[in-house]
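Observations on the three-dimensional arrangement
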Amino acid sequence: MGYAHEYADAVLHRGRVPMEPAGFVPDWPDAPRKGRFFPGAETYALPDGAGTADAPAAPGLLGAPRPGGTGGFTLPLLAAMLRDTYALTGRRLGVQANSDLPGLPLYPHANWSRGTAGGGGLYPVAVHWASGASGPLVPGVHHYDPARHAVQRLLTGDVTARVREALGPDAPAEARRADHYLLLSVKYWQTAFKYNSFGFHVVCTDVGTLLRSWRFWAAGHGLRVDPVFWFDEPRLDRLLGTRDEEESVFAVVPLRWAGADGAAARGTTAGPDPAVRHRDLERSRTVLSFPAVRAMRAATLAGATERPAPGTPAAAAVRPLPAGGTRVALPAPAFPEVPVRRVLRDRRSSFGRFDAARRVTPAELSAVLAACAATSLGGEAGTGPGGAGLVRTYAFVNHVEGIGPGAYAYDAGTGELVLVVPGAQDDFLQENYFLANYNLEQAGAVLVPTVRTTGVLDAVGGRGYRIAVGTAGAVAQSCYLAASALSLGAGVALGFDNVSFVERLGLSGTGEAPLLIMPIGHERPAPADFRHEIA
C-alpha cells in the first residue's frame, strides 16, 4: 500500500475526519483565473461549428458510436467539439439556491456556462493541441482559449514525434499512428485554493468529465476518442513549460485526422526537446502548496511509463449482484431524438429548483441509469471487450412513478432495480449532505455511483487514482447529459458523508467507495432566468 491508498481513505472519511489543513479558508479576492493567460501569444479564431452537421445524442449516451461519420477529425469538427464541450456558451443567472447567487449579477462575478461540468465551477483543465503535418495549421503547440473559442500558438514546429515517443513503444496502435494530440494538463492551484488537500481528488474528477464529453460528442459524429494515461509525464510537462508541482499533463488524446495515411507520423526526435516560449501568467499574489497534493502528484507519477496490460483495470470491475432479492423491472432505456449540441448547451445544475409535484417516470430513471452504467473513460482505462464497468450506481428513490421509496442497486445486466433498504430515505439524504443548495427530498431520485478505488490502485498502481476518480467524474457528466436530453433537472455534489452511505448501503467489505451524489428530477415550472443571448 502506498500513499494513494492513504489519500483515498482520507477522502472517504473526510466527512468525519477533516483533511489537513483543517479550518482552511479560501482567499477569494486572490483566487486564480478560470483559465490560462499567455501574454503576447498569437491568437487564431476557430470556426464556430455552426456549419458542422449536428448528430443525435442517443448513441453517445448509451455507449455506442454512431456508424458512419468522416473517419477522422477535420478543423471544423475539432473546433465544434471544443466549442460544444468546453467553450463559454452562455451566462448563468437564474434564481437558484447556490451560495454564490448574490454576486452573479455583477459582471466580474458572472458564471459562464460550458457543456462540461467542473468541480466548483473552477475548470482547472487546460487543452493543448499538438498539431502535425497532416493538419490545416502550421505544426506546433496551441492552447485552446475557451473564453474566445480560439487557439493561441505557444510553439511553432512539429513536436508530435516527441509526443509519440513520450507515449512509449507499447502505446496503443492508434496513438502511435496519430500526428495530432490533445494534451490535457491540470493546474493544481486553480482548484486547491478552494479545496486545499481535497483538490487533487477534484481535478481527477474534472478530467473525467471533459473526457466523457469528448467521447459523447465524438460517438455522435462517428468518431473515437480514446485517451492515453501512461506516458513520460515529465517530458510532456517540459514541452508545455510547466513545473511539475504546479501543473502537469494528466491525459493525452490522440486524434485520427481525416485524410492522414500515417506517413506524417514517422517524424524524428533528433536534438534536444523544445519547450513552449509563452508561459502562463498567474493572477494570484500568493500561491499555496499543500503536502497532500504534492504527495498525490508523486504517487500518480510513479510508474507513469510502466503501462499495464490491456484490460488490467478489469480486476477492479464491479462484481455481479447476487440473484434474487426484491427486484423492480425498468423499461428499456431510450432517449428522444435530440442533437448533441442541444444536450451540451442545455446542461446545467439545478441548485434547489427540484419540484416533487411532478414525479420522475420509470422510463426517465431507466435512461439516466443506463447512461451512467455505459460510461467509461475508454482507451487504457477500459476493462476490455464485454467487460464489466468500474462503476455501480445506486438509486435512492424519492418520487418515481410506480416505484416505492427506498435505496436500490441498479443491475445494468438486467435493467432492474434491486432493493437494498426499503422505505423513505429523504431524512438520511439531507442529514448527510453538508450544503444548503439542494433539498434532496424534492429530487425524484438521488443516484450514487461507487468505484472500487482501492481495487483500481491494487490493479494498476497509484496512477490508477486518476482513472478511478476520473471515471466517477465521467459518470457525473453522463448523468448531466442524460438529464439534459430528457429535459430533467440534475446536480452533482461531493460534499457529503461518504461513510454514512457505505453503512446505509452495506458496502463494507466490498471495496466500493461512494464518490458522488447526483440528484435528478423535474424542476419548478417557469423559473426566473436571464436570457444572455438577447441581453
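A brief structural summary. Each chain has its residues counted from 1, running along the sequence as written. Reporting in this predicted model follows two pLDDT cut-offs: at least 70 for local features of residues, and 80 or more for side-chain atom pairs to be given and counted; totals over whole chains, interfaces and linings ignore these cut-offs and use all residues. Values reported for side chains reflect all heavy atoms of the structure, with hydrogen atoms and water molecules removed beforehand.

Check the secondary structure of the protein chain and you find 15 helices and 16 strands. Remark: exposure states derive from per-residue accessible area (1.4 Å probe, protein chains only) relative to the maximum for the residue type, with buried under 20%, exposed over 50%, and partly exposed in between. A buried classification covers 56% of the 535 residues belonging to the protein chain. By definition, residues are in contact when any of their heavy atoms lie within 4.5 Å. Long-range contacts, defined here as pairs at least 24 residues apart, represent 81% of the contacts in the protein chain between residues at least 6 apart. Areas reported here follow the Shrake-Rupley algorithm with a probe of radius 1.4 Å; residue values treat only the protein chains shown as occluding. Of the accessible surface of the protein chain, which amounts to about 20500 Å², a share of 55% is contributed by carbon and sulfur atoms. Going along the chain from the N terminus, every DSSP run of H or I of four or more residues is numbered as a helix, and every run of E of two or more is numbered as a strand.

On to the packing of helix 3 (residues 75-86) against helix 7 (residues 199-220). Geometrically, a packed helix pair is captured by the angle between its two axes and the distance between the axes. The axes used here are C-alpha line fits, helices contributing only the stretch in contact, and every angle between their N-to-C directions lies in the interval 0 to 180 degrees. Their axes nearest at 10 Å, the elements helix 3 and helix 7 cross at an angle of 130 degrees. On the basis of the axis angle, helix 3 is oblique to helix 7. You can see that helix 3 and helix 7 cross each other, and the crossing is right-handed. Each of Leu77, Ala80, Met81, Leu82, Asp84, Thr85 and Tyr86 in helix 3 lies in contact with helix 7, whose residues at this interface are Leu210, Ser213, Trp214 and Trp217. Here is the rule for angles: anything less than 35 degrees is roughly parallel, anything more than 145 is roughly antiparallel, 65 through 115 is roughly perpendicular, and the remaining ranges are oblique. For a crossing to be left-handed, the near helix must be turned anticlockwise from the far one by less than a right angle; the clockwise case is right-handed.

Take the environment of proline 405 next. Structurally, the position occupied by proline 405 is in the loop between strand 10 (391-397) and strand 11 (406-411). Take proline 405: its relative accessible area is 41%, and that puts it in the partly exposed class. C-alpha of proline 405 to C-alpha of valine 421: the two residues are 16 residues apart in sequence and 9.1 Å apart in space. Every residue in contact with proline 405, bar those within four places of it in the chain, is listed here: Val397, Asn398, Pro422, Gly423 and Ala424.

What counts as a ring pair is set by centres within 6.5 Å for rings of Phe, Tyr and Trp (its six-membered ring), and what kind of pair is set by the plane angle: stacked under 30 degrees, edge-to-face over 60, tilted for all other angles. What the rule picks out here adds up to 20 aromatic pairs. Arranged with centres 6.4 Å apart and planes meeting at 45 degrees, the rings of phenylalanine 200 and tyrosine 465 form a pair that is tilted. Placement of the pair is phenylalanine 200 in helix 7 and tyrosine 465 in helix 14 (residues 464-485), with a sequence separation of 265 residues. Relative accessible area serves as the criterion here: at 0%, phenylalanine 200 is assigned to the buried category. Relative accessible area serves as the criterion here: at 1%, tyrosine 465 is assigned to the buried category. Here the aromatic rings of phenylalanine 428 and phenylalanine 501 are separated by 4.9 Å at their centres, their planes lie at 65 degrees, and the arrangement is edge-to-face. Highlighted residues: phenylalanine 428 in helix 12 (residues 426-431) and phenylalanine 501 in helix 15 (residues 498-505), separated in sequence by 73 residues. Of the two residues, phenylalanine 428 and phenylalanine 501, both sit in the buried class.

This brings us to unusual backbone geometry. A cis geometry characterises the amide bond from glutamate 20 onward to proline 21, with omega recorded as 0 degrees. Here tyrosine 123, not a glycine, exhibits a phi torsion of approximately 50 degrees, which is positive. As for its placement among the helices and strands, tyrosine 123 is situated in the loop between strand 3 (111-113) and strand 4 (125-131). A relative accessible area of 8% places tyrosine 123 in the buried class. Within the chain, histidine 149 stands out as a residue other than glycine whose phi angle is a positive 45 degrees. Among the secondary structure elements, histidine 149 is positioned in the loop between strand 5 (140-145) and strand 6 (150-156).

As a further point, take the pairing of strand 11. Consecutive residues of a regular strand have side chains that alternate between opposite faces of the sheet. The buried count for strand 11 comes to six of six residues, which makes it a mostly enclosed element. The alternating pattern of strand 11 places Gly406, Tyr408 and Tyr410 on one face and Ala407, Ala409 and Asp411 on the opposite face, and all of these are buried. Here four bridges tie strand 10 to strand 11, and the two strands are oriented antiparallel to one another. Each bridged residue has a counterpart across the sheet, and for phenylalanine 396 the counterpart in strand 11 is alanine 407. At least two bridges found by DSSP between two strands is the condition for calling them paired. Of the pairings in the sheet, the one linking strand 11 to strand 12 (residues 416-422) comprises six bridges and is antiparallel in character. Opposite tyrosine 408, over in strand 12, you have leucine 419 as the bridge partner.

Here we take up the sheet that holds strand 8 (residues 247-254). Read from one edge of the open sheet, six strands run 1-6-5-4-7-8, paired in antiparallel fashion. The open sheet has two edge strands with one neighbour each: strand 1 (42-45) and strand 8. Each adjacent strand pair in this sheet contributes to an overall mean axis angle of 30 degrees, direction not counted.

This next bit is on the side chain of histidine 522. Looking at the element boundaries, histidine 522 is found in the segment after strand 16 (518-521). Judged by its relative accessible area of 2%, histidine 522 is buried. A 3.5 Å cut-off defines polar contacts: any pair of N or O atoms within that distance qualifies, except that in protein one atom must be a possible hydrogen donor and the other a possible acceptor, and neighbouring residues in sequence count only when both atoms are side-chain atoms. Engagement of the side chain of histidine 522 in a polar contact is seen with the side chain of arginine 358, the distance being 3.4 Å. A polar contact is formed between the side chain of histidine 522 and the side chain of glutamate 364, at a distance of 3.2 Å. Discounting chain neighbours no more than four positions away, the residues touching histidine 522 are Arg353, Phe354, Asp355, Arg358, Arg359, Val360, Glu364, Ser487 and Leu488.

The next thing to look at is the pattern of salt bridges. When a carboxyl oxygen of Asp or Glu is within 4 Å of a side-chain nitrogen of Lys or Arg, the pair counts as a salt bridge. Across all of its chains, the model carries 26 salt bridges by this definition. Between arginine 16 and aspartate 497 there is a salt bridge, with the nearest N and O atoms lying 3.0 Å from each other. Pair noted here: arginine 16 is in the loop between helix 1 (3-12) and strand 1 and aspartate 497 is in the loop between strand 14 (489-490) and helix 15, with a separation of 481 residues, a long-range link. Using a relative accessible area of 8% as the deciding quantity, one classes aspartate 497 as buried. Residue aspartate 226 pairs with arginine 215 through a salt bridge whose shortest N-O separation is 3.1 Å. One end of the pair, aspartate 226, is in the loop between helix 7 and helix 8 (233-240); the other, arginine 215, is in helix 7, with 11 residues separating them in the sequence. For aspartate 226, a relative accessible area of 25% puts it in the partly exposed group. We classify arginine 215 as partly exposed; its relative accessible area is 22%. The network of salt bridges with shared partners includes Glu233, Asp237, Arg297, Arg463 and Arg466.

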